[in-house]
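Each chain is listed here by its residues.
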Amino acid sequence: MSLTPPAAVIVLAAGQGTRMRSATPKVLHPIGGRSLLGHVLATARDLSPGRVAVVVRHERDQVAAHVQELDPAALIADQDEVPGTGRAVECGLSILDSAAQPAGSAGGVQGPVVILAGDVPLLDSGTLTALLEAHHTDGNAVTVLTTNLTDPSGYGRVVRDGGGQVAKIVEQKDATAAELEISEINSSVYVMEAAVLRGALGRLDRDNAQGEVYLTDVIELARADGGAVRALATEDPILVEGVNDRVQLATLGAELNRRVVTAWMESGVSVVDPATTWIDVDVQIEQDVTLLPGTQLHGGTQIASGAVVGPDSTLTDVVIGAGARVTRTHGSSSRIDAGATVGPFTYLRPGAHLGERGKLGAFVEVKNSEIGNGSKVPHLSYIGDATIGEETNIGAASVTVNYDGVHKHRTVIGSHARTGADNMFVAPVEVGDGAYTGAGTVLRRDVPAGALGVSGGSQRNIEGWTISRRPGTAAAEAAQRAAQDRGDAADQHDDD
């Protein structure tokens, strides 16, 4: 029998996060390709809850806009001036109740409510599912996720009674010396029955060292009302670790990446140097891909089987086909089809699409362009706003001149064309199928299929120019010596 999803999830994202020392709200700082809050919202949705509410206050508009971007169905609850997690949950439950009932009727959310902190990014849905199962199986009023730490300093301590139930949770500032010796800590992750929560919240006070409304006080009230309060302890403390400063942000980011990289290796991806490989959580990689050192894969990047990426490549939202090779490349929002090769030192800007067996070589930049199957841009070129057909070769140092200062224009080059080195394609311009262009050509007019396009007049040499126009320079002296050598050689020839 499958587990019934929770009635609701409340995510607490109202804190200021002063220790981050940042203009960006703490919960919006990213790791692994998502904000801290984004990780929590994704985990919440994995539980298939009836509703999700996010409680906001500090930088309210910025956080609320981010929530609506990630999860438009989520409800936004505003916490007022009353401080504390208890008040935050009360505000969240209030908006959930309002959404759950028709106007003017009684009632509200019924069933288990999961409560999450918005700065705990590694917590996974599997752990929360186990918490919900324990809550359901034991018939608890409240179920708390806990863990044991060698150094529990700073965390609320879980005080159990003789029967193993949770008697109370004591914040560090309110704990006795004996309670401070407890190693089991509160993760701030709970499942609470909505009716229990609703009945207890109105009785909470601020009689504590911090003058806040503690959500943890619900536990004692639930016990006093005859409810069962139990804890499920996770053996993986990192899952419930929150972020309070940038040191913790980096630590959790590295640990998340380690777990992501390990998971991909276990699924059949070769990662040559895990320590220098970074993979965002939304990246998709098929079996038998090889990632070389210094590879960073971000966003929605997808890599098909047999592809090799790296070393030293950073790709964001790039789709790579089977067997392709991408070396020392920086790319975003681009596509590389099967069997193609890119790099080294290639820059793929949004809209770049290289067809099967195509090649983009050293120091090539491509933007908003379609490059057909088997076509090559091997060296030192810029291809922007262009369409290139199949099996075409673009000569070294070529540029599609796409911008006239006001508008962008498109270059079209057909299939099986051969363009010379140092060509300038002044768009809009079209080169037909099978056409050739000469080296150094500036193309301002279309080249018909099968034609040769050239520009410029015959070469003209002005003898003695350096000696007469640049006297006293090293170049002039070298030219003078060369002229003297030529004269000596001519005299020798006459003597012979």
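Shown above is the structure to which this text applies.
Residues numbered from 1 in each chain as written. Predicted model: local features only at pLDDT ≥ 70, side-chain atom pairs only at ≥ 80, totals over all residues. Heavy atoms only, no water.

Here the focus is the packing of helix H3 (residues 85-100) against helix H6 (residues 194-201). For the pair H3 and H6, the least separation of the axes is 10 Å and the interaxial angle reads 125°. Classified by the angle their axes make, H3 and H6 are oblique. Where H3 crosses over H6, the two elements pack in a sense that is left-handed. Listed contacts from H6 to Gly 86, Val 89, Glu 90, Leu 93 and Asp 97 of H3 are Ala 194, Leu 197, Arg 198 and Leu 201. (Axes fitted to C-alpha atoms, helices over the stretch in contact; angles between N-to-C directions. Helix = DSSP H or I, 4+ residues; strand = E, 2+ residues; numbered from the N terminus. Parallel < 35°, antiparallel > 145°, perpendicular 65-115°, else oblique. Left-handed = near helix turned anticlockwise from the far one by under 90°. Contact = heavy atoms within 4.5 Å.)

This part is about the packing of aromatic side chains. Applying the stated criterion across every chain, the model contains 1 aromatic pair. An angle of 15° between the planes, with centres 5.2 Å apart, marks the rings of Phe 345 and Phe 363 as stacked. Of this pair, Phe 345 sits in the loop between strand S24 (341-342) and strand S25 (346-348) while Phe 363 sits in the loop between strand S27 (359-362) and strand S28 (365-367), placing them 18 residues apart in sequence. On the accessibility criterion, Phe 345 (45% relative accessible area) is partly exposed. Here the guanidinium or amino end of Lys 408 rests over the ring plane of Tyr 403, the centre of that ring lying 5.5 Å away. (Phe/Tyr/Trp six-rings, centres within 6.5 Å; stacked < 30°, edge-to-face > 60°. Buried < 20%, exposed > 50% of the residue type's maximum accessible area, 1.4 Å probe, protein only. Lys NZ or Arg CZ within 6 Å of the ring centre and 35° of its normal.)

Moving on to the nonpolar core. In terms of nonpolar packing, the biggest core is built from 52 residues, with Ile 285, Leu 291 and Ile 320 touching the most fellow members. If you tally residues by element for this core, the top one is helix H8 (residues 246-266), at 6 residues. Residues Val 109, Ile 115, Ile 169 and Ile 219 belong to the second largest nonpolar core, which totals 37 residues. (Core = buried A, V, L, I, M, F, W, Y, C linked by side-chain atoms within 4.5 Å.)

Taken as a whole, this structure holds 21 salt bridges when the rule is applied. In this structure, Asp 119 engages Lys 26 in a salt bridge whose closest nitrogen and oxygen atoms are separated by 2.7 Å. One end of the pair, Asp 119, is in the loop between strand S6 (112-117) and helix H4 (125-138); the other, Lys 26, is in the loop between strand S1 (8-13) and strand S2 (30-31), with 93 residues separating them in the sequence. Exposure class is identical for Asp 119 and Lys 26. Each is buried. With its nearest N and O atoms 2.6 Å apart, the salt bridge here joins Glu 81 to Arg 57. One end of the pair, Glu 81, is in the loop between strand S5 (75-78) and H3; the other, Arg 57, is in the loop between strand S4 (51-56) and helix H2 (60-70), and 24 residues separate them in sequence. With a relative accessible area of 63%, Glu 81 lands in the exposed category. Exposure remark for Arg 57: the relative accessible area of 36% places this residue in the partly exposed category. Salt bridges sharing partners connect three or more residues here, namely Asp 236, Glu 255, Arg 258 and Arg 259. (Salt bridge = Lys/Arg side-chain N within 4 Å of Asp/Glu carboxyl O.)

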